[in-house]
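Summary of structural features
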Amino acid sequence: MWRTGAAVVGTGFIGVVHVEALRRLGVNVTGVVGSSPGRARQKPDLPDPYESFEAMLDDDRVRVVHLTTPNHLHYEQVKAVLHSGKHVVCEKPLALTSEESGELLRIADASGLVHCTNYNQRFYPLLHEARERVRRGDIGRVWNAHGAYVQDWLHQPTDWNWRLDPELGGSLRAVADIGTHWFDLTGWITGRRVTEVFADLYTVHPVRHVPSGPVETYADPGAIQRHDRQMETEDIAHVLLRYEDGTRAQVVISQVSAGRKNHLSFEIDGSDGALAWNSERHEELWLGHRDRPNEQLIRDPALMSSPVRGDYPGGHAEGFTDTFKQLYRAVYRAVQAGAMPAEPDFPTFADGHEEILLCDAIAESARTGGWVAVPR
Ligand SMILES: NC(=O)c1ccc[n+]([C@@H]2O[C@H](COP(=O)([O-])OP(=O)(O)OC[C@H]3O[C@@H](n4cnc5c(N)ncnc54)[C@H](O)[C@@H]3O)[C@@H](O)[C@H]2O)c1
């Protein structure tokens, strides 16, 4: 079943994670595409690179293409993959604008091919469990969600990455890069859509000191030539959200929070209880009660009722890279069936487009200083 051929485009941080997850499922990764074959060859654990993106599309063994390139490349690459008749998994954010993401959704739907936006965090098993518990009414009527997605890798004004260039990363940065994971997760777990947002964006470092040329890994930071560059995107965002049924939410998003390497957390409050989780303690789900002591559910397939419970017994931690494996298991079931399921059990381009619509509303709210309806 799993001998399907797949290719991965982009060989950076997350491209390597895609390849590894696919191999663990027994998917045949026929090759990768890097910014150049020479660069891709520098990663010894990856399969051989194709000479070009086009050469990869011409390979009939490839049925699924994973796009893990910088954000500005997603739109053209997704279109090319779909036009070649191959299924597609695209990293988030799906595109730079909602015009682009809306068009990609229309093309994907019309193609009959399988499409996925890589919101992998849904596939922490305890988050499937949280969703199951909300759906069956364990916490009663949901009325509030609050939390954060905070990191520290852009804490210093000398920290630099292509994401800081709006041409490559998009006009919203922290919100699109990590905030959309939070919106996707909480919307998916509660089963609710956001209707309005109120956002405040803050650029802590209006000027960053950007390396003037390529930087060798582990280069002496003092020896790197730099020039100043004005920043146009936010380091921090505070966002209030209203959902279609009146549920409220609030989230803090930051890429400059010292000590927080990759901390996504949320709490969901309802009339009969609450649920809380954070990615630094991802094998624990907190269950809050008003009338009895609170509980801590440690991930254990034997104690869970969700469709995804993890592959290993309780106490054998499954982390970030496992979420990719669990996600692709669902995606490749659809690939084997040859079409999108009637009710997809993975995030699709519809979810990817939804996130870009939210980004539009957040940007507009930050500009106007008021509540903005999500433009659907
Ligand atoms: N789902 C997640 O948890 C997650 C985590 C990190 C990144 N991402 C997303 O993945 C994407 C890549 O992020 P990253 O952190 O891996 O970036 P990265 O800079 O580490 O890697 C990007 C790769 O793309 C390659 N590339 C550039 N231009 C190319 C081209 N024209 N053709 C082929 N390859 C090209 C680069 O050489 C590099 O190997 C982004 O969209 C990002 O938002 C998602």
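Residues numbered from 1 in each chain as written. Predicted model: local features only at pLDDT ≥ 70, side-chain atom pairs only at ≥ 80, totals over all residues. Heavy atoms only, no water.

1. Observations regarding the overall build of the protein chain
- Secondary structure assignment for the protein chain yields ten helices and 16 strands.
- Taken over the C-alpha trace, the protein chain has a radius of gyration of 21 Å; the compact-globule value for 376 residues is 21 Å, and the two agree within 12%.
- Judged by the C-alpha coordinates and their principal axes, the protein chain covers about 65 × 50 × 40 Å.
- Sorting the 376 residues of the protein chain into buried and exposed places 54% on the buried side. (Helix = DSSP H or I, 4+ residues; strand = E, 2+ residues; numbered from the N terminus. Rg over C-alpha atoms; globule rule 2.2 N^0.38 Å. Buried < 20%, exposed > 50% of the residue type's maximum accessible area, 1.4 Å probe, protein only.)

2. Points about the sheet that holds strand β5 (residues 115-117)
- The strand order β2-β1-β3-β4-β5 describes an open sheet built from five strands, whose pairing is parallel. Two strands in the sheet have a free side with no partner beyond their single neighbour: β2 (28-33) and β5. On average, adjacent strands in this sheet sit at an angle of 15 degrees to one another, irrespective of strand direction. (Pairing = 2+ DSSP bridges. Axes fitted to C-alpha atoms, helices over the stretch in contact; angles between N-to-C directions.)

3. What about the pairing of strand β14 (residues 284-288)?
- The buried fraction of β14 amounts to four of the five residues, a majority that puts the element mostly inside the structure.
- What sits between the antiparallel neighbours strand β13 (residues 273-278) and β14 is a turn of five residues.
- Sheet topology note: the β14/strand β15 (residues 295-298) ladder contains four bridges and is antiparallel. Within β15, the position partnered with Glu 284 by the bridge is Ile 298.

4. Here we look at the site of the ligand
- Inspection of the region around the ligand gives 27 residues, with Asn 71, Lys 92, Asn 120, Trp 162 and Arg 163 positioned closest.
- Taking Thr 11, its main chain carries an N or O atom lying 3.2 Å from an oxygen atom of the ligand.
- A distance of 3.0 Å is found between an oxygen atom of the ligand and a backbone nitrogen or oxygen belonging to Phe 13.
- Protein chains bury 84% of the 840 Å² of accessible surface belonging to the ligand in isolation.
- The set of elements that each furnish at least two residues to the shell around the ligand consists of α1 (13-24), α4 (74-83) and α8 (174-190).
- Of the residues that constitute the shell around the ligand, the class distribution is nine nonpolar, 13 polar and five charged. (Near = heavy atom within 4 Å. Polar contact = N/O pair within 3.5 Å; in protein donor to acceptor, adjacent residues only side chain to side chain. Areas by Shrake-Rupley, 256 points an atom, 1.4 Å probe, with all protein chains shown as cover. Nonpolar A, V, L, I, M, F, W, Y, C, P; charged D, E, K, R; others polar.)

5. Here's the deal with unusual backbone geometry
- Each neighbour pair has its own omega, and for Lys 92 with Pro 93 the value is -15 degrees, a cis peptide bond.
- Here Pro 93 shows up in the loop between β4 (87-90) and α5 (98-111).

6. Examining α1
- Taking 1.5 Å of rise per residue, twelve residues should cover 16 Å, and α1 covers 18 Å from first to last C-alpha, within 8% of that figure.
- Along α1, the residues classified as buried are Ile 14, Gly 15, Val 17, His 18, Val 19, Ala 21 and Leu 22.
- Buried residues along α1 sit against β1 (5-9), β2, β3 (62-67), β4 and α9 (320-337).
- Once α1 finishes, Gly 26 follows within two positions and takes phi at roughly 85 degrees, a positive value. (Expected span 1.5 Å × (residues − 1). Contact = heavy atoms within 4.5 Å.)

Honestly, it's all geometry; don't read function into it.
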